[in-house]
Amino acid sequence: MRKQLLVIALITISCIESSSQIIFEKGYFINESNKKINCLIKNIDWKNNPTEFEYKLFQNDTAQTATIQTVKEFGINNVSKYIRAKTNIDRSSDQIDEMSSERNPNFQEELLFLKVLIEGQASFFVYTDGSLTRFFYKLNDSEINQLVYKRYLVDNKISKNDYFKQQLFLNLKCEGMQLKDLKHIRYNRKELGRIFIKYNKCISSDYINYEPIQKKDFFNLSIRPGLNYSSLEINNSMPDSRDSELGSNFGSNFGVRFGMEAEFILPFNKNKWRIIVEPTYQYYKSEQSKETSNVSGGILVSKVDYKSIELPIGIRHYFHFNDKSKLFTNISYVLDFASSSTIEFCRQDNSMLNSLEVKSRPNVAMGFGYKFEDKYSLEMRYSTSRNILGDYLLWGSDYRTISIIIGYTLF
């Protein structure tokens, strides 16, 4: 039932996302007839260069789709710009197990939307597709060309073709530009962009820098106290043994939890995706008694004292309603480090019969919640079954938790 409720909640939030997250911003596109059409474009802050986009002519219109086959250029005002180009691109893999032994790039002509980073007499573009990133440049009205950088294998060692440095040296000539500016430059948008800005300034060319202003905070730190509602059941799989009588359902209890969460912001899709790491202290304590003929005194007392530091590592996605309110969902892989935790079985006179040491195994946790003004949050989280007797062959356990977590973001 708990799983069903969680699934329903996640589906509900997904439906909310589909209806509330369609944010259309003022922009334009240029069609095949070179006509500029002002419109509203759905800004999803593309991580990968798109091949199509959604737009509306007016706010209340039905969304339409424009594709790379029919659009020469499109942009979102004061945010981003893409131009269509038929150009050569090298898609050689950078993964060692797929890396080429050929030094020269393997060019193929493709029709691409290139993202404009710097626009001037010397323009600078980027193309991203998954793990592939390629940079391009254009001088005045010349063709667009790729800046060549390729890693390749020679005798099982990685070598580099950094011809892009020579391309820059040959094409960006100006009295204010020196060879030392290019000698140690790396193939990334920040360092290459700096060179194109410097060159445009050197030749007194007006230019536009489309690079976004980076969020100052790369991560958020929050305190996250809360309340756990946990249950534990243990059993022994050896039939007809005395230990099989020791199995116990400890029931459901409330307990406190306290966590500190680091939320790392991923720089795409309007910062909606985050990596989360949340060290958390939690505990569960219970005692159960039952009658049995296999124990002197006729009463078996089972006690559990389980304390641990959980380490959920996961991913979170936000669904914005407005500047102040947003929902989120997250899923985490939870490592658990138990400390001074035991399960004990005693006779009625409190003499020890048996004890088990708690050694936890990882599990998965899923949650959804609400955040207000990027400061205050409330989350409901469901943790799947965790085996806390992982070192025992014949013993099994089922530890589950539902948590209500209150959060306050420090920065």
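Analysis parameters
- Residues numbered from 1 in each chain as written.
- Predicted model: local features only at pLDDT ≥ 70, side-chain atom pairs only at ≥ 80, totals over all residues.
- Heavy atoms only, no water.
- Helix = DSSP H or I, 4+ residues; strand = E, 2+ residues; numbered from the N terminus.
- Rg over C-alpha atoms; globule rule 2.2 N^0.38 Å.
- Buried < 20%, exposed > 50% of the residue type's maximum accessible area, 1.4 Å probe, protein only.
- Contact = heavy atoms within 4.5 Å.
- Areas by Shrake-Rupley, 256 points an atom, 1.4 Å probe, with all protein chains shown as cover.
- Core = buried A, V, L, I, M, F, W, Y, C linked by side-chain atoms within 4.5 Å.
- Salt bridge = Lys/Arg side-chain N within 4 Å of Asp/Glu carboxyl O.
- Pairing = 2+ DSSP bridges.
- Expected span 1.5 Å × (residues − 1).
- Polar contact = N/O pair within 3.5 Å; in protein donor to acceptor, adjacent residues only side chain to side chain.
- pLDDT = per-residue confidence, 0-100.
- Disulfide = S-S within 2.5 Å.
- Phe/Tyr/Trp six-rings, centres within 6.5 Å; stacked < 30°, edge-to-face > 60°.
- 1 Å grid on protein atoms, 1.4 Å probe; cavity = no way out; pocket = protein on both sides within 12 Å on 5 of 7 lines; lining within 4 Å.
- Points joined across faces, edges and corners; volume = space filled by probe spheres on them.

**Q** Hey, could you go over the overall build of the protein for me, with residue numbers and the actual values?
**A** Across its full length, the protein carries 4 helices and 24 strands. A globule of 411 residues ought to have a C-alpha radius of gyration of about 22 Å, yet the protein, at 30 Å, is considerably larger. Based on the C-alpha atoms only, the size of the protein along its principal axes is roughly 95 × 60 × 35 Å. Across the 411 residues of the protein, 43% fall into the buried class. Within the protein, residue pairs in contact and separated by at least 24 positions form 61% of the contacts whose partners lie at least 6 positions apart. About 22300 Å² of surface is accessible on the protein, with carbon and sulfur atoms providing 52% of the total.

**Q** An account of the nonpolar core is requested, with residue identities and associated values reported.
**A** Ranked by internal contacts, the top residues of the largest apolar core, which has 22 residues, are Phe124, Phe135, Leu147, Leu168, Leu172, Leu192 and Phe196. Counting residues per element, this core draws most heavily on helix 4 (residues 189-202), at 5 residues. For Leu147, the contacting residues outside a window of four places in its chain are Phe124, Phe135, Phe136, Tyr137, Phe164, Gln167, Leu168, Tyr187, Leu192 and Phe196.

**Q** Break down the pattern of salt bridges for me, citing the residues and quoting the values.
**A** Across all of its chains, the model carries 26 salt bridges by this definition. Between Glu310 and Arg386 there is a salt bridge, with the nearest N and O atoms lying 2.7 Å from each other. Taken as a pair, Glu310 in strand 18 (residues 299-320) and Arg386 in strand 23 (residues 376-386) lie far apart in primary sequence, 76 residues in all. Notably, a salt bridge pairs Arg386 with Asp336, separated by 3.3 Å at the nearest N-O pair. Of this pair, Arg386 sits in strand 23 while Asp336 sits in strand 19 (residues 325-338); the two residues are 50 residues apart in sequence, bridging distant segments of the chain. Judged by its relative accessible area of 2%, Arg386 falls in the buried class.

**Q** Describe in detail the pairing of strand 8 (residues 122-129), supporting the description with residues and values.
**A** Burial within strand 8 is extensive, with 7 of its 8 residues counted as buried. Where strand 7 (residues 107-119) folds back onto strand 8 in an antiparallel hairpin, the turn is made up of 2 residues. Of the strand pairs in this sheet, strand 8 and strand 9 (residues 132-139) are connected by 8 bridges, and their pairing is antiparallel. Bridge pairing in strand 9 links Phe124 to Tyr137. Counting the residues in the hairpin turn of strand 8 and strand 9 gives 2 residues, including Gly130, whose phi is positive at 65°.

**Q** Can you tell me about helix 4, naming the residues and giving the values?
**A** When the terminal C-alpha atoms of helix 4 are compared, their 20 Å separation across 14 residues agrees well with the 20 Å that a helix rising 1.5 Å per residue should span. For helix 4, the complete set of buried residues consists of Glu191, Leu192, Gly193, Ile195, Phe196, Ile197, Tyr199 and Asn200. Close packing links the buried residues of helix 4 with strand 7, strand 8, strand 9, helix 2 (164-171), helix 3 (180-183) and strand 13 (208-209). Capping the start of helix 4 is the job of one residue whose side-chain oxygen sits 3.2 Å from the backbone nitrogen of Lys190: Asn188.

**Q** Describe the confidence of the model for the protein, naming the residues involved and giving the relevant values.
**A** Per-residue confidence for the protein gives a mean pLDDT of 89; residues scoring 70 or more make up 91%. The secondary structure element of the protein with the lowest average pLDDT is helix 1 (residues 2-20), at 48, and the one with the highest is strand 10 (residues 145-146), at 98. The low-confidence segment residues 15-20 (pLDDT under 50) makes 7 contacts with residues lying over four places distant or belonging to another chain.

**Q** I'd like a description of the state of the cysteines, backed by residues and values.
**A** Counted by the stated rule, this structure contains 1 disulfide. Between the sulfur atoms of Cys174 and its disulfide mate Cys202 the distance is 1.7 Å. Disulfide Cys174-Cys202: torsion about the S-S bond near -80°, hence left-handed. Of this pair, Cys174 sits in the loop between helix 2 and helix 3 while Cys202 sits in helix 4, and the two are 28 residues apart along the sequence.

**Q** Tell me what's going on with the packing of aromatic side chains, and back it up with residues and numbers.
**A** Enumeration over the complete set of coordinates arrives at 22 aromatic pairs. Taking 4.2 Å as the distance between ring centres and 25° as the angle between the ring planes, the aromatic pair formed by Phe53 and Phe74 counts as stacked. Of the two residues, Phe53 sits in strand 3 (residues 52-56) while Phe74 sits in strand 5 (residues 71-76), which places them 21 residues apart along the sequence. Judged by its relative accessible area of 0%, Phe74 falls in the buried class.

**Q** Lay out the pairing of strand 14 (residues 219-236) in plain terms, naming residues and giving numbers.
**A** The pairing of strand 14 with strand 15 (residues 248-265) spans 16 bridges and is antiparallel. Paired with Asn220 across the strands is Glu263, a residue of strand 15. Sheet analysis places strand 14 next to strand 24 (residues 395-409), joined by 13 bridges and oriented antiparallel. In the sheet register, Leu232 faces strand 24, and the bridge partner there is Tyr399.

**Q** Account for the side chain of Glu191, with residues named and values stated.
**A** With respect to the helices and strands, the residue Glu191 is situated in helix 4. Overall, the relative accessible area of 14% leaves Glu191 in the buried class. Setting aside chain neighbours within four positions, we find Glu191 in contact with His184, Ile185 and Arg186.

**Q** With reference to specific residues and values, describe the environment of Ser293.
**A** The residue Ser293 is located in the loop between strand 17 (280-291) and strand 18 in this model. Classification of Ser293 as exposed rests on a relative accessible area of 74%. Put simply, Ser293 and Val256 are 37 residues apart on the chain and 37 Å apart in space, counted from C-alpha to C-alpha.

**Q** Account for empty space enclosed by the protein, with residues named and values stated.
**A** A complete count under the given rule lists 3 cavities of 30 Å³ or more for this structure. Counted as a void, the largest cavity has a volume near 80 Å³. Lining the largest cavity, in full, are Asn228, Arg257, Glu310, Pro312, Val334, Ala365, Arg381, Ser383, Arg386, Thr401 and Ser403. Contributions of two or more residues to the lining of the largest cavity are made by strand 18, strand 23 and strand 24.

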